[in-house]
Amino acid sequence: MKRRILVVDDEEDIRSFIAEALEGESLQITRARDGQEAWELASKQAFHLVITDLTMPRMDGMTLVRKLRAETPETEVIVLTAHGTVATAVEAMKLGAFDYLQKPLSGPDELRLLVRRALETHALREESDRNRRERPAPKGMVAADPAMLAVADQIAKVAKTNASVLLFGESGTGKEVAARALHDESLRRSGPFVAMNCAAITETLLESEIFGHEKGAFTGATEARRGRFELADGGTLFLDEVGELAPGLQSKLLRVLEERRFERVGGSRVISVDVRLIAATNRDLAAEMAAGRFRTDLYHRLAVFPVRLPPLRERKRDILPLAEHLLVRIGEELGRRGLSLSADARNVLLRRDWPGNVRELRNVLERAAILSEGPELSPEHLQVQGAATASATTLRDAERAAIAAALAATGGHRKQAAERLGIGERTLYDKIKEYGLS
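Residues numbered from 1 in each chain as written. Predicted model: local features only at pLDDT ≥ 70, side-chain atom pairs only at ≥ 80, totals over all residues. Heavy atoms only, no water.

Q: Would you mind going over the pattern of salt bridges in detail, with residue names and values included?
A: This model, assessed by the stated rule, comprises 30 salt bridges. Ionic contacts of the salt-bridge type, sharing partners, join the residues Asp-9, Glu-11, Asp-53 and Lys-103 into one network. (Salt bridge = Lys/Arg side-chain N within 4 Å of Asp/Glu carboxyl O.)

Q: If you had to explain the packing of helix α13 (residues 319-334) against helix α15 (residues 357-371) to someone new, which residues and values would you point to?
A: Interhelical geometry of α13 versus α15 gives an angle of 50 degrees and a closest axis separation of 9 Å. It follows from the interaxial angle that α13 and α15 lie oblique. Viewed along their axes, α13 and α15 form a crossing whose handedness is right-handed. On α15, the residues that touch Ile-319, Leu-322, Ala-323, Leu-326, Leu-327, Ile-330, Glu-333 and Leu-334 of α13 are Val-358, Leu-361, Arg-362, Leu-365, Glu-366, Ala-369 and Ile-370. Looking at the contact of α13 with α15 residue by residue, the class counts come to 12 nonpolar, no polar and three charged. (Axes fitted to C-alpha atoms, helices over the stretch in contact; angles between N-to-C directions. Helix = DSSP H or I, 4+ residues; strand = E, 2+ residues; numbered from the N terminus. Parallel < 35°, antiparallel > 145°, perpendicular 65-115°, else oblique. Left-handed = near helix turned anticlockwise from the far one by under 90°. Contact = heavy atoms within 4.5 Å. Nonpolar A, V, L, I, M, F, W, Y, C, P; charged D, E, K, R; others polar.)

Q: Lay out the packing of aromatic side chains with the relevant residues and their values.
A: Here a ring pair, both rings aromatic, is described through the centre-centre distance and the interplanar angle of the planes. The tally for this structure, following the rule as stated, stands at four aromatic pairs. Each ring, one from Phe-211 and one from Phe-229, has its centre 5.8 Å from the other, and the planes form 5 degrees; the classification is stacked. With Phe-211 in helix α8 (residues 203-211) and Phe-229 in helix α9 (residues 228-231), the pair connects residues that are 18 residues apart, well separated along the chain. Classification of Phe-211 as buried rests on a relative accessible area of 1%. Given a relative accessible area of 1%, Phe-229 falls into the buried group. Residues Phe-211 and Phe-262 carry aromatic rings whose centres are separated by 5.6 Å and whose planes lie at 50 degrees to one another, so their mutual orientation is tilted. Here the residue Phe-211 occupies a position in helix α8, and Phe-262 occupies one in strand β9 (residues 261-262), the gap between them amounting to 51 residues. The exposure classification of Phe-211 matches that of Phe-262, with both residues buried. (Phe/Tyr/Trp six-rings, centres within 6.5 Å; stacked < 30°, edge-to-face > 60°. Buried < 20%, exposed > 50% of the residue type's maximum accessible area, 1.4 Å probe, protein only.)

Q: Give me the lowdown on the environment of Pro-375, citing residues and values where you can.
A: Assignment of secondary structure puts Pro-375 in the loop between α15 and β14 (376-377). Remark: the alpha-carbon pair of Pro-375 and Arg-336, spanning 39 residues in sequence, is separated by 7.6 Å. The contacts of Pro-375, once residues within four sequence positions are left out, are Arg-336, Gly-338, Leu-339 and Ser-340.

Q: Outline the pairing of strand β8 (residues 236-240), listing residues and values.
A: Of all five residues that make up β8, five are buried, and the element is covered over most of its length. Burial along β8 is two-sided: Thr-236, Phe-238 and Asp-240 and Leu-237 and Leu-239, pointing in opposite directions, are all buried. Relative to β8, strand β7 (residues 193-197) runs parallel, the two sharing five bridges. Bridging from a neighbouring strand, Ala-195 pairs with Phe-238 of β8. Across four bridges, β8 lies against strand β11 (residues 276-281) in parallel orientation. Across the sheet, residue Leu-239 finds its bridge partner in β11, namely Ala-279. (Pairing = 2+ DSSP bridges.)

Q: Residues and numbers for the pairing of strand β4 (residues 76-81), please.
A: Most of β4 sits inside the fold, with six of its six residues counted as buried. Where burial is concerned, the two faces of β4 agree: the one with Glu-76, Ile-78 and Leu-80 and the one with Val-77, Val-79 and Thr-81 are both buried. The sheet contact formed by strand β3 (residues 49-53) and β4 spans five bridges and is parallel. Across the sheet, the residue bridging to Asp-53 is Leu-80, located in β4. Running through helix α3 (residues 61-71), the crossover from β3 to the neighbouring parallel element β4 is right-handed. (Right-handed = clockwise from strand over helix to strand, strands pointing away.)

Q: Describe the confidence of the model for the chain, listing the residues and the values that go with them.
A: Interpreting fine coordinate detail is not advised for predicted regions of low pLDDT. Mean pLDDT over the chain: 85, with 91% of residues reaching 70 or higher. Taken element by element, the predicted model of the chain shows its lowest mean pLDDT in helix α16 (residues 386-409) (63) and its highest in β11 (96). (pLDDT = per-residue confidence, 0-100.)

Q: Residue-level account of the nonpolar core, with values.
A: Taken as a class, soluble globular proteins show a tendency for nonpolar side chains to be buried jointly. Val-79, Phe-229 and Leu-253 are the most contacted members of the largest nonpolar core, which totals 56 residues. Excluding anything up to four places from it in sequence, Val-79 contacts Thr-52, Leu-54, Val-65, Ala-89, Ala-92, Ala-97, Asp-99, Tyr-100 and Leu-101. Of all hydrophobic cores here, the second largest spans 23 residues; its members include Ile-319, Ala-345, Val-358 and Leu-361. (Core = buried A, V, L, I, M, F, W, Y, C linked by side-chain atoms within 4.5 Å.)

Q: Tell me about the side chain of Ser-342, residues and numbers included.
A: Looking at the element boundaries, Ser-342 is found in the loop between β13 (340-341) and α14 (343-351). Taking relative accessible area as the criterion, Ser-342 reaches 10% and is therefore assigned buried. Discounting residues that sit within four places of it in the chain, Ser-342 has contacts with Glu-376, Leu-377, Ser-378 and Pro-379.

This is the structure in structure tokens:
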């Protein structure tokens with residue numbers, strides 16, 4: 001089946017260049033002169049990929065991106081941007097665009113590569129949607145909520161390949177758990193899993209930790225030492241907080257990913273390794289790239305298959321299964337097996353938004369286990385930071401009130417209410433159900 005691509009630009013030369021560059025790639029190319037024409041086409045026919053300019057008459061590219069993400073979230077989007085509007089392209093990526101290209105386009109090769117990557121990602125997600133409910137979550141992962149079931153399925157799918165994976169999401173969302181699950185599901189499961197937090201080591205020692213060093217390489221290097229890449233040979237290397245790497249280390253890491261070989265600090269012997277790299281970050285790498293703090297070419301090497309870990313507030317159905325899973329581990333660590341939650345305690349957990357995500361949930365449960373004298377944890381044992389909870393409650397109340405007001409103003413017309421609120425219809429449906437407004 002041919003993959004369908006919609007090219008949107010108000011300049012005929014750009015539309016023709018892109019269409020001609022993609023000829024012979026077994027693709028079906030459709031052209032549109034502006035966002036309005038593109039939206040009319042996309043409303044009648046599903047496209048696998050949309051390549052769109054940002055500045056156009058009638059409907060601009062950002063409006064088109066918002067509509068596509070709200071109505072056809074399965075469609076991948078690449079935005080075209082002039083040099084002075086990179087910040088807008090970054091904003092489009094925050095909305096869910098796959099990537100961006102700067103005008104003037106450097107040539108067909110960069111375009112073809114990015115299109116292939118976007119279509120490969122679309123195909124993997126398409127397959128994930130078909131198989132999502134047919135497989136259990138990978139070992140170590142808790143996934144009962146649809147948002148997390150999708151992640152679990154993506155991980156199970158990409159685990160069978162050697163593709164580099166970039167895990168991103170807020171702090172405490174379980175990126176290392178996901179990385180370990182990915183390794184355990186992979187063909188490298190019998191090899192080592194080596195984890196390293198790039199933010200936990202000083203910049204001066206980080207290069208040595210990653211690549212190793214030879215004896216005498218620097219003051220205090222009294223013997224040769226293997227780095228994490230060597231230790232992970234034949235297995236998986238997990239680099240957490242990869243967004244913290246200094247520019248020099250970013251360059252060296254890129255070279256290793258391209259060549260699969262390197263030298264230790266202070267050495268000249270070339271060392272070859274067979275390592276599958278998983279990286280993670282809670283930083284907005286799109287913004288970091290736009291600011292020149294993170295290499296675009298390294299990002300593309302790391303994010304062959306990007307996976308977003310949703311915050312706990314977006315996976316409410318996972319809260320109680322996670323709590324039960326964590327209590328088993330906490331009970332083992334404290335020597336108090338059989339810990340459980342009272343009905344009231346379970347309701348307390350469900351009412352909270354958990355800004356600290358799974359890490360905060362675990363801390364609250366561990367404190368509760370220490371405070372309780374018996375095996376059952378009650379609400380009085382569940383101590384959290386009051387200000388954070390009050391703030392979260394206030395935000396939820398404000399959001400619920402805004403949605404109720406929009407529905408009232410539009411006579412219950414959900415599409416119009418979603419437009420007034422600036423969110424997608426699917427998001428509105430979920431919020432209506434969450435707040436009991438139906």
